[in-house]
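Observations on chain architecture
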Amino acid sequence: MQNLAMPESALWRILDANLDRAREGLRVIEEWCRFGREDQGLTQTCKELRQTLGARHLPHYRQARNTATDPGTTLTHSQETERSDLRDVLQVNLSRIQESLRVLEEYGKLADPGLAQVAKESRYQVYILESQLLPQAKLDKLKQTPLYLVTSPHENLITIVKAALEGGLQLVQYRDKTSDDQTRLHLAQALKTLCQQYNALFILNDRVDLALGVDADGVHLGQQDIPIKLARRILGPDKIVGRSTTNPQEMERAIAEGADYIGVGPIYTTPTKPGKAAVGFDYIHYAQAQAPLPWFAIGGIDETNIGQVVQAGAKQVAVVRAIMAAADPQATTQKLLQTLCPHPNSTHSLHR
Ligand SMILES: Cc1ncc(COP(=O)(O)OP(=O)(O)O)c(N)n1
Ligand SMILES: Cc1ncsc1CCOP(=O)(O)O
Ligand SMILES: [Mg+2]
């Protein structure tokens, strides 16, 4: 069997290379914040991140560097030499910083736990930086996110959502029809912080005031809730606003109103929405053929039937009980995701 012990020099070279990559990427972002945006706060954030990482770049990491034998120095990818516009430059460099910080966090745990911690904290800050520099990134992410967890009240709410995030979930809605507002605010804040740590989107059900209060990524509104235009006036132009729909007319209205996405369902009857009739697969077929915006099939979907929902044309699915009541929410999330996107690394886009 292969010996998986890691030579110290290899570890140091990984830390050296990724400390450099992260700081180079930060420098690119910093220049835009300084000379393009002329934003002192953002510029300062970049600078502090660079300096914090610089202070962690120990001399023996640099000394372990051996460019002559490093096979990576000669490898280039066409995507490294192409940049279409400023947005592309920012996106590529923000991703590069995030990747390097993730590598530093993982390998740092083996050699330098202090660096691992700094990398973890820096990564959260870079996510925040990204949302400030590229507000459109939220919508792009929404379009690419196959699985949506809508929560239900549970004594282990935070633990369950964390497990689902560990399983790869990237979109969470806090839905709570029973708690008092103090509890709702507290849980919404905790979930928002948790989602931020996983770079996942966080949406509030029904409550525009709470969405504003915790600076959520958006709000989900039902048919009886306020107009989308009013929600945008309250929340600002960069927030996501979703609308529930049960038929083509409601879909058309949601589109005309400017929804960013719609819920399509209930596909099956569900105890989570008692008394609400199932819309069945006809509406999925209609959405697949007609919907020009992201749409999430919802209602009674779980591990046993998600394959049929996907087969009928859904590419994005929202669930409550399938994850909230799962014995192992992390494993269930992974299975649902596996059905929704069997080839997660392909560049295939979910939307036209
Ligand atoms: C993604 C998604 N789709 C539909 C709903 C249902 O919203 P609504 O009709 O307002 O019902 P409640 O969830 O408020 O009971 C949703 N929450 N999320
Ligand atoms: C909130 C909502 N809107 C339409 S169906 C539904 C509930 C879905 O819950 P579950 O996934 O447990 O069937
Ligand atoms: Mg509602």
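The rules behind the values
- Residues numbered from 1 in each chain as written.
- Chains lettered and ligands numbered in written order.
- Predicted model: local features only at pLDDT ≥ 70, side-chain atom pairs only at ≥ 80, totals over all residues.
- Heavy atoms only, no water.
- UniProt positions renumbered as here; feature names shortened; annotations may be inferred.
- Helix = DSSP H or I, 4+ residues; strand = E, 2+ residues; numbered from the N terminus.
- Expected span 1.5 Å × (residues − 1).
- Buried < 20%, exposed > 50% of the residue type's maximum accessible area, 1.4 Å probe, protein only.
- Arc of directions from axis to C-beta.
- Contact = heavy atoms within 4.5 Å.
- Core = buried A, V, L, I, M, F, W, Y, C linked by side-chain atoms within 4.5 Å.
- Near = heavy atom within 4 Å.
- Polar contact = N/O pair within 3.5 Å; in protein donor to acceptor, adjacent residues only side chain to side chain.
- Areas by Shrake-Rupley, 256 points an atom, 1.4 Å probe, with all protein chains shown as cover.
- Nonpolar A, V, L, I, M, F, W, Y, C, P; charged D, E, K, R; others polar.
- Phe/Tyr/Trp six-rings, centres within 6.5 Å; stacked < 30°, edge-to-face > 60°.

As recorded by an unreviewed UniProt entry, the protein chain carries the name Thiamine-phosphate synthase and is attributed to Pseudocalidococcus azoricus BACA0444. Checking UniProt for the protein chain, the heading Pathway (unreviewed entry) contains the comment "Cofactor biosynthesis; thiamine diphosphate biosynthesis; thiamine phosphate from 4-amino-2-methyl-5-diphosphomethylpyrimidine and 4-methyl-5-(2-phosphoethyl)-thiazole: step 1/1." Under the Function (unreviewed entry) heading, UniProt states for the protein chain: "Condenses 4-methyl-5-(beta-hydroxyethyl)thiazole monophosphate (THZ-P) and 2-methyl-4-amino-5-hydroxymethyl pyrimidine pyrophosphate (HMP-PP) to form thiamine monophosphate (TMP)."

1. Things to note about helix α16 (residues 329-340)
An α-helical segment advances 3.6 residues per turn. Residues three or four places apart therefore align on the same side. Counted at 1.5 Å a residue, the expected span for α16 with its 12 residues is 16 Å, and the 16 Å between its end C-alpha atoms agrees. All of the buried residues in α16 are P329, T332, T333, L336, L337 and L340. Across the axial projection of α16, the buried residues extend over an arc of 135 degrees, all falling on one side. Taken together, the buried residues of α16 touch β1 (147-150), α8 (157-166), α14 (306-311), β8 (317-319) and α15 (321-324).

2. Concerning the nonpolar core
Formed by 67 residues in total, the largest nonpolar core has its most connected members in F202, L204, I262, W295 and V317. Formed by 24 residues, the second largest nonpolar core is a distinct cluster that contains A22, L49, L53 and L133.

3. Some points on the site of ligand 2
Contacts to ligand 2 come from R175, P266, T270, T272, K273, I298, G299, G300, V319, V320 and R321. Take G300: an N or O atom from its main chain is 2.7 Å from an oxygen atom of ligand 2. Between ligand 2 and R321, the relevant distance is 2.7 Å, taken from an oxygen atom to a side-chain nitrogen or oxygen of the residue. Bound to the protein, ligand 2 loses 92% of the 370 Å² it would expose on its own. Of the residues assigned to the shell around ligand 2, the class counts are four nonpolar, four polar and three charged.

4. A short note on the packing of aromatic side chains
Enumeration over the complete set of coordinates arrives at five aromatic pairs. Between the aromatic rings of Y148 and Y261, the centroid separation amounts to 5.8 Å while the plane-to-plane angle is 70 degrees, which identifies the pairing as edge-to-face. With Y148 in strand β1 and Y261 in strand β6 (residues 261-264), the pair connects residues that are 113 residues apart, well separated along the chain. Each member of the pair Y148 and Y261 is classed as buried. Residues Y148 and F296 carry aromatic rings whose centres are separated by 5.0 Å and whose planes lie at 65 degrees to one another, so their mutual orientation is edge-to-face. Residue Y148 is found in strand β1, and its partner F296 is found in strand β7 (residues 295-298); the two are separated by 148 residues along the sequence. A relative accessible area of 2% means that Y148 is categorised as buried. An aromatic cluster is built from Y148, Y261 and F296, whose rings are joined through pairwise contacts.

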